[in-house]
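Per-entry structural report
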Amino acid sequence: MVKARAYAATSATSPLASTTIARRDPNEDDVQMEILFCGICHSDLHQVRNEWSGMMPTVYPCVPGHEIVGRVTKVGSAVKKFKVGDLAAVGCMVDSDGACPECKAGFEQFCPGLVLTYNFPDKHLGGVTYGGYSDSIVVKEQFVMRVPGNLDLAGAAPLLCAGITTYSPMRHWGVTKGKKVGVVGLGGLGHMAVKFAHALGAHTVVFTTTASKKDDALRLGADEVVLSKDANQMAKHAGSFDFILDSVSALHDINAYINLLARDGNLTMVGASPDPLPVAVFGLLFRRRSFSGSIIGGIAETQEMLDFCSQHNVTSDVEVIPIQKVNEAFERLMKSDVKYRFSIDMASLKSE
Ligand code: NAP
Ligand code: ZN
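**As for the environment of Leu277**
- Tracing the sequence through the fold places Leu277 in the loop between strand 14 (261–269) and helix 9 (282–285).
- Sequence separation between Leu277 and Glu224 is 53 residues; the distance between their C-alpha atoms is 26 Å.
- Leaving out residues up to four positions away in the same chain, Leu277 has contacts with Ala250, Leu251, His252, Ile254 and Met269.

**Topic: the sheet that holds strand 10 (residues 180–184)**
- Across the sheet, which stays open at both edges, the 6 strands sit in the order 12-11-10-13-14-15 with parallel pairing between neighbours. The open sheet has two edge strands, strand 12 (224–227) and strand 15 (290–293), and neither has a second partner. Strand-to-strand twist in this sheet, taken as the mean axis angle between neighbours without regard to direction, amounts to 20°.
- With respect to the sheet, helix 4 (residues 162–172) is in contact with strand 13 (241–246) and strand 14, its orientation differing from that of strand 13 by roughly 160°.

**A word on the domain arrangement of the protein**
- Each assigned domain of the protein is listed here: domain 1 (2–161 + 297–351) and domain 2 (163–293).
- With centres defined by C-alpha atoms, the gap from domain 1 to domain 2 works out at 27 Å.
- The partner domain 2 presents 23 residues to the 24 residues of domain 1 that form the contact.
- When the area that domain 1 buries against domain 2 is broken down by residue, the three leading residues are Cys161, Phe308 and Tyr340, summing to 31%.
- Counting the contacts that link domain 1 with domain 2 gives 4 salt bridges.
- With a closest N to O distance of 2.6 Å, Asp317 and Lys195 form a salt bridge.
- Summed over the shared surface of domain 1 and domain 2, the result is 17 residue pairs in polar contact (both at pLDDT 80 or more).
- Elements supplying a minimum of two residues to the side of domain 1 that touches domain 2: helix 1 (42–48) and helix 10 (299–312).
- When residues in the side of domain 1 that touches domain 2 are grouped by element, the largest group, 7 residues, is from helix 10.

About the criteria used
- Residues numbered from 1 in each chain as written.
- Chains lettered and ligands numbered in written order.
- Predicted model: local features only at pLDDT ≥ 70, side-chain atom pairs only at ≥ 80, totals over all residues.
- Heavy atoms only, no water.
- Helix = DSSP H or I, 4+ residues; strand = E, 2+ residues; numbered from the N terminus.
- Contact = heavy atoms within 4.5 Å.
- Pairing = 2+ DSSP bridges.
- Axes fitted to C-alpha atoms, helices over the stretch in contact; angles between N-to-C directions.
- Domains from an automatic or database assignment.
- Buried area = accessible area lost by both parts, 1.4 Å probe.
- Salt bridge = Lys/Arg side-chain N within 4 Å of Asp/Glu carboxyl O.
- Polar contact = N/O pair within 3.5 Å; in protein donor to acceptor, adjacent residues only side chain to side chain.

Structure representation (structure tokens):
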């Protein structure tokens, strides 16, 4: 067993603080890596504060973090894709059963035996898995991705969750040139969605509650920006969208967006509001619209997304912070005040 430095929360109300955790010695199919950067996802905040207590109650201490980029420090004897010194990345998943139809189809994220990167039972050491707010991690090779060499590492880390979570539904629902695509909420996920929709050639419209984000939205690749609190601006887009991706982290009026869909249009929810979102079914009945959800993406698709980012020069816009600022970052995330993802420089853990 190896000791790792980490930041953990010990309860839903306590701030994250420095601690030491155990990591397993790499098994033959494991990759051990030094973590260089880890993004801060709003899911980390939901989980640390036990906001999803119904679906996924938090086990404390909780070490969050599932947007991990690092350098390989050791590999097991059966590892083929990685050698010591390689760049590597880990997202939201660290294991699955590998045998079910979902795994065989490349949808590990839907496997009944899925193991998430943190707060999931750890079959190796007991207790729960610990995430990337740490200086090292050991993960089964199959769940480790290659990082294209031309990507900025601090900006690449958020691709492992914010990136794949927005890329996957866009590919599934056929976002391409000639389509009109809406992105609701300009945060970590939303700003990646804008970059992907733009790179895929769609006419991209951002819906934001924050007027001051308008210029950024246009710079990120949006063709139009709508202030969602303005009913007149919303009404201009009624019945016109092929696809809308909603990344809002809290309760909001979903029906306002369903009504913006064209015939056969789809609204996919990726935001994970702890509160249920009431849906008025008549909005779906007329125009045969659909409302669906999506969660991250499979391992092969995550690698495809990283390679797409390499080709299109896409990374996340990040505010790089030392780990000591993580609690401040959580507070700002609560207020939708991030441009547009925090990425923790893990070298800062060395001074703990
Ligand atoms: P984030 O950076 O905080 O962005 C969320 C954005 O939603 C905010 O910037 C804000 O954008 C908007 N917003 C927040 N509260 C709102 C409210 N009450 N009403 C209307 N708009 C509001 O969060 P994130 O990291 O992108 O994550 C977003 C959500 O996706 C979280 O719930 C997270 O848990 C979830 N998530 C899901 C998956 C998945 O696989 N499905 C993966 C990762 C994260 P504006 O200022 O532009 O309005
Ligand atoms: Zn996430």
